[in-house]
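Observations on chain architecture
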Amino acid sequence: MEINNKDYKKTEKWWLGLVVFFYLLYNLPGFPPYGDPIAAIWHGIFTLVPLWFVIYYGLFKLLRSRKFRELNSDTLHQEMNSPE
Amino acid sequence: MLSSNLVWVLFISYSLIVVSVGIYAWRNQNIKSIENYYTGKGSISWFVLIMTYIASLMSTWVFFAGPGGYYRGGLVFWLSELSYIPLFPVITYFVMNKVWLLNCERHYVTPADIYDDRFRSPVLRAILAIVFLISSLPYVASVLVACGKAADMASGGGVSYTSAILIMGITMLIYVVLGGMRSVAWTDTLQGWLFIILLWVIVLSTLSVGFGGSLGRAVANVWQNTNSWFSYPGPDGWVPYAARLGYPLSCAIGWTIMLPHVFVRAAYTGQDLQTQQRLMISVPILQVFVWTGTMVIGLLGIALVPGLGSGETELIIPYLIQNIIQDHGPTLAYILMSGFFIGALAVGMSTANSFLLVAGSIISEDFLDKLFKLKLSYNQKMNVARGIIIILGIGSVIIALNPPNLVWTLIMFAIAIVMPLFPVLVGALYWKRATAPAAVIATAAGVITVLLTYFSWGIGNTWYGAIGMIVSTVLLIIVSYLTPETNKEILDDFYGALKKAESKFYLN
């Protein structure tokens, strides 16, 4: 049965937005200050852990919501070449 | 130091095993088309695809410059790696999976094919083919050089640099020529696991000898003695704020997506959507596993032998084996040096063979077939493809025997020079207003900007291809609005194919 829901598009936008946000947060100039190892470690924890979490959480959510047919490229090629 | 006899035995045995695997993969396939030969489309399982992607991606950097990079760049260099590694599934989801869908309808062979399909511009194809070729061919020679040095170093000169390069070149050529992508992918799978295991054997053994197996003690030692290793911009000032952005961005886009050998794997080779999904999930995890091993060697290096010069740090693994592990146990040192040698061969050969194959496809498909319109039968095409790979392989060996400085120069910005092509690809997939003249101008200007970044402005090692990519993006937008819209038939044909593939593969 065909599923016509496009809810995944909303998830895609949130996903991309959050990834960009956390990537920019990690790259905020001036943070952490140079020469401060404790700050560098906390900065890594507070920016990279959320970045990884958001990417994998969003990826699995999208993979669950976007259903695909069990077709591989060979099957597809056969379908395309078979008489209608 | 290993005896030259042992190095010869290891070298020949290893070459025979790799060739056998390559020939086995070739014998167990039916090469149905030139597309199948160059991209392996439909004949490579998800597990093999993931490993060939990882093995192709990682070059001899893992055993040479990588540990030295962490020695000099510190923990924050590793953190900057962690910032781009997870971007792979995001870029693959939004960009490379769309190319994969299109490929199911259009049967692409080279990276330039997708661009040409959308923009229908021979000038664009020619520029792209040249850029992709420049970014790939020097890699083959440079990897051969690194492996030749590893053989020379492991045997203390007993196995000459020249013999090592010749044997490697012949080994690689045999299975690449015969089996194309399938043989390359299978040998990559073997070599990928091998170098990852050997890397970690070296890490754990060094940790065990140096600090009784306690990572905490090693960290405490570095914290006490080289505290700058843990903070920005790293002990050698490698990771200022600008490089923290420029370098990972280059790796996320240039290194893991746009270099032609990985482009083909991420977009053309996967046999179904499930394979694409597994690729997206697994690649970052495997990358972290490898880079963490490399980082720990850098950490152990600075803990055990601080104060090395930059040239010495690039050889930190053999240095640690000869100067630290040798004193504790000559047998272990012997085993680890063998591991270093085989690991360097595995990681090097798996990168070089992939570049060799894709370089062959660019010459035979982009130049001879599409640009020079050489009309050949299937058998003639296969013979030409194999002939070109042999010529390129021999050429690479000759270059590696006496590498000109140009090779290193080209390698230096290979990752950067492909970055301006990325916005054009995104424009091709998502923006109907993008025009062919804009794509040509954006690509050419972006590449020129990367050259200026390196050779005129001297900021290449901070910004890599990021500025070129911005220039390419801006010009794609401006020139597209200034030039007439693309013919509707071309757009309907291209986006219709994408829509058709999406509706065939997706339920929603």
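Residues numbered from 1 in each chain as written. Chains lettered and ligands numbered in written order. Predicted model: local features only at pLDDT ≥ 70, side-chain atom pairs only at ≥ 80, totals over all residues. Heavy atoms only, no water.

The helix and strand tally for chain A stands at three helices and zero strands. Each helix and strand of chain A, placed in order from N terminus to C terminus, yields the pattern α-α-α. Scored against the burial criterion, the 84 residues of chain A give a buried share of 39%. Within chain A, contacts between residues at least 6 apart in sequence are counted, and of these 68% link residues at least 24 apart. (Helix = DSSP H or I, 4+ residues; strand = E, 2+ residues; numbered from the N terminus. Buried < 20%, exposed > 50% of the residue type's maximum accessible area, 1.4 Å probe, protein only. Contact = heavy atoms within 4.5 Å.)

As a further point, take the overall build of chain B. A tally of helices and strands in chain B yields 24 helices and zero strands. The C-alpha atoms of chain B give 23 Å as radius of gyration, which agrees with the globular expectation for 508 residues (23 Å, within 12%). On the principal axes, the C-alpha backbone points of chain B span a range of 75 × 50 × 45 Å. Carbon and sulfur atoms form 66% of the exposed surface of chain B, whose accessible area is close to 16,600 Å². Computed over 26 positive and 21 negative side-chain charges, the inter-centroid distance for chain B is 7 Å. (Rg over C-alpha atoms; globule rule 2.2 N^0.38 Å. Areas by Shrake-Rupley, 256 points an atom, 1.4 Å probe, with all protein chains shown as cover. Lys, Arg positive; Asp, Glu negative; His and termini not counted. Charge placed at Lys NZ, Arg CZ, Asp CG, Glu CD.)

Attention now goes to the pattern of salt bridges. Counting across every chain of the model gives 17 salt bridges over all chains. Via salt bridges that share partners, B:D113, B:D116, B:R125, B:E365, B:D366, B:D369, B:K370 and B:K381 belong to a single interconnected network. (Salt bridge = Lys/Arg side-chain N within 4 Å of Asp/Glu carboxyl O.)

As a further point, take the interface of chain A and chain B. Counting from both sides, the interface comprises 51 residues of chain A and, opposite them, 48 residues of chain B. At the junction of chain A with chain B, the criterion picks out zero salt bridges. Counting across the interface, chain A meets chain B through 15 residue pairs in polar contact (both at pLDDT 80 or more). Secondary-structure elements contributing two or more residues to the side of chain A that touches chain B are helix 1 (7-26), helix 2 (37-65) and helix 3 (73-81) of chain A. With 16 residues, the single largest contributor to the side of chain A that touches chain B is helix 2 of chain A. (Polar contact = N/O pair within 3.5 Å; in protein donor to acceptor, adjacent residues only side chain to side chain.)

Further remarks concern a positive patch on the surface. A cluster of basic residues, A:K6, A:K9, A:K13, B:K432 and B:K499, forms a positive patch at the surface. Structurally, the position occupied by A:K6 is in the segment before helix 1. (Patch = residues over 30% accessible without salt bridge, like charges linked within 9 Å, V, L, I, M, F, W, Y side chains within 5 Å.)

Take a nonpolar patch on the surface next. A contiguous nonpolar patch, built from A:I38, A:W42, A:I45, A:F46, A:V49 and B:W223 and spanning about 620 Å² of accessible area, is present on the exposed surface. With respect to the helices and strands, the residue A:I38 is situated in helix 2.

Residues and elements named next belong to chain A. Helix 2 packs onto helix 1 with a crossing angle of 165° between their chain directions and a minimal axis gap of 9 Å. Relative to helix 2, helix 1 is oriented roughly antiparallel. Helix 2 is crossed by helix 1, and the crossing has left-handed handedness. Between helix 1, through Y8, T11, E12, W15, L18, V19, F22, Y23, L25 and Y26, and helix 2, the contact on the second element is made entirely by H43, T47, L48, P50, L51, V54, I55, G58, L59, K61, L62 and S65. Its residues placed into classes, the contact of helix 1 with helix 2 shows 15 nonpolar, five polar and two charged. (Axes fitted to C-alpha atoms, helices over the stretch in contact; angles between N-to-C directions. Parallel < 35°, antiparallel > 145°, perpendicular 65-115°, else oblique. Left-handed = near helix turned anticlockwise from the far one by under 90°. Nonpolar A, V, L, I, M, F, W, Y, C, P; charged D, E, K, R; others polar.)

As a further point, take the confidence of the model for chain B. Predicted coordinates in regions of low pLDDT should not be interpreted in detail. Scored by pLDDT, chain B comes out at a mean of 91, with 99% of its residues at no less than 70. Here the predicted complex carries an ipTM of 0.91, next to a pTM of 0.92. (pLDDT = per-residue confidence, 0-100.)

Once that is clear, we can look at the packing of aromatic side chains. Residue and element names in this part refer to chain B. Applying the stated rule across the entire model yields 40 aromatic pairs over all chains. Ring centres of Y37 and Y38 lie 5.2 Å apart, and the angle between their planes is 65°; this geometry places the pair in the edge-to-face category. A residue is classified by how much of its surface remains accessible, and Y37, at 0% relative accessible area, is buried. The class for Y38 is buried, based on a relative accessible area of 3%. Consider the rings of W46 and F47, whose centres lie 5.9 Å apart with planes at 90°: the pair is edge-to-face. Under the relative-accessibility criterion, F47 is labelled partly exposed at 37%. (Phe/Tyr/Trp six-rings, centres within 6.5 Å; stacked < 30°, edge-to-face > 60°.)

Quick look at the layout of surface pockets now. Residues and elements named next belong to chain B. Space inside the largest pocket adds up to approximately 1,200 Å³. If you trace the largest pocket, you find 37 residues lining it, with W61, A65, E314, I411 and M412 closest to the centre. Breaking the lining of the largest pocket down by element, the ones donating at least two residues are helix 4 (65-73), helix 5 (75-84), helix 8 (122-154), helix 11 (241-258), helix 18 (405-412) and helix 19 (414-417). For the lining of the largest pocket, the leading source of residues is helix 8, giving six residues. For the lining of the largest pocket, the class distribution of residues is 27 nonpolar, six polar and four charged. A volume near 810 Å³ is recorded for the second largest pocket. (1 Å grid on protein atoms, 1.4 Å probe; cavity = no way out; pocket = protein on both sides within 12 Å on 5 of 7 lines; lining within 4 Å. Points joined across faces, edges and corners; volume = space filled by probe spheres on them.)

All right, on to the nonpolar core then. Ranked by size, the top nonpolar core spans 217 residues in total, and within it A:W15, B:F63, B:I114, B:F195, B:M258, B:F340 and B:L425 carry the most contacts. With 23 residues, helix 9 (residues 161-211) of chain B is the single largest residue contributor to this core. Every residue in contact with B:L425, bar those within four places of it in the chain, is listed here: B:V95, B:M96, B:V99, B:I114, B:Y115, B:M258 and B:F263. (Core = buried A, V, L, I, M, F, W, Y, C linked by side-chain atoms within 4.5 Å.)

Here we come to the packing of helix 20 (residues 421-430) of chain B against helix 23 (residues 466-482) of chain B. For any two helices packed against each other, the geometry comes down to the angle between their axes and how far apart the axes lie. All names here are of chain B. Following both chains from N to C, one finds helix 20 and helix 23 inclined at 35°, their axes separated by 7 Å at the closest point. Counted together, P423, V424 and G427 of helix 20 and M469, S472, T473 and L476 of helix 23 form the full contact between these two elements. Classifying every residue of the contact of helix 20 with helix 23 by side-chain character gives four nonpolar, three polar and no charged.

Right, let's get into helix 3 (residues 46-57) of chain B. All names here are of chain B. Taking 1.5 Å per residue, twelve residues should reach 16 Å; helix 3 reaches 16 Å between its end C-alpha atoms and fits that length. With ten of twelve residues buried, helix 3 is to be regarded as a mostly interior element. Restricting attention to buried positions, one finds in helix 3 the residues V48, L49, I50, M51, T52, Y53, I54, A55, S56 and L57. Taken together, the buried residues of helix 3 touch helix 6 (87-106), helix 9, helix 11, helix 12 (260-269), helix 13 (273-304) and helix 16 (330-371). (Expected span 1.5 Å × (residues − 1).)

Turning to the environment of B:Y108, a few remarks are in order. Residue and element names in this part refer to chain B. Summarising the element assignment, Y108 is placed in the loop between helix 6 and helix 7 (111-119). Residue classification places Y108 among the buried positions, given a relative accessible area of 3%. Put simply, Y108 and E35 are 73 residues apart on the chain and 6.9 Å apart in space, counted from C-alpha to C-alpha. Every residue in contact with Y108, bar those within four places of it in the chain, is listed here: E35, T39, V99, L102, N103, D113, I114, D117, Y268 and F494. A polar side-chain atom of Y108 sits 2.5 Å from a polar atom in the side chain of D117.

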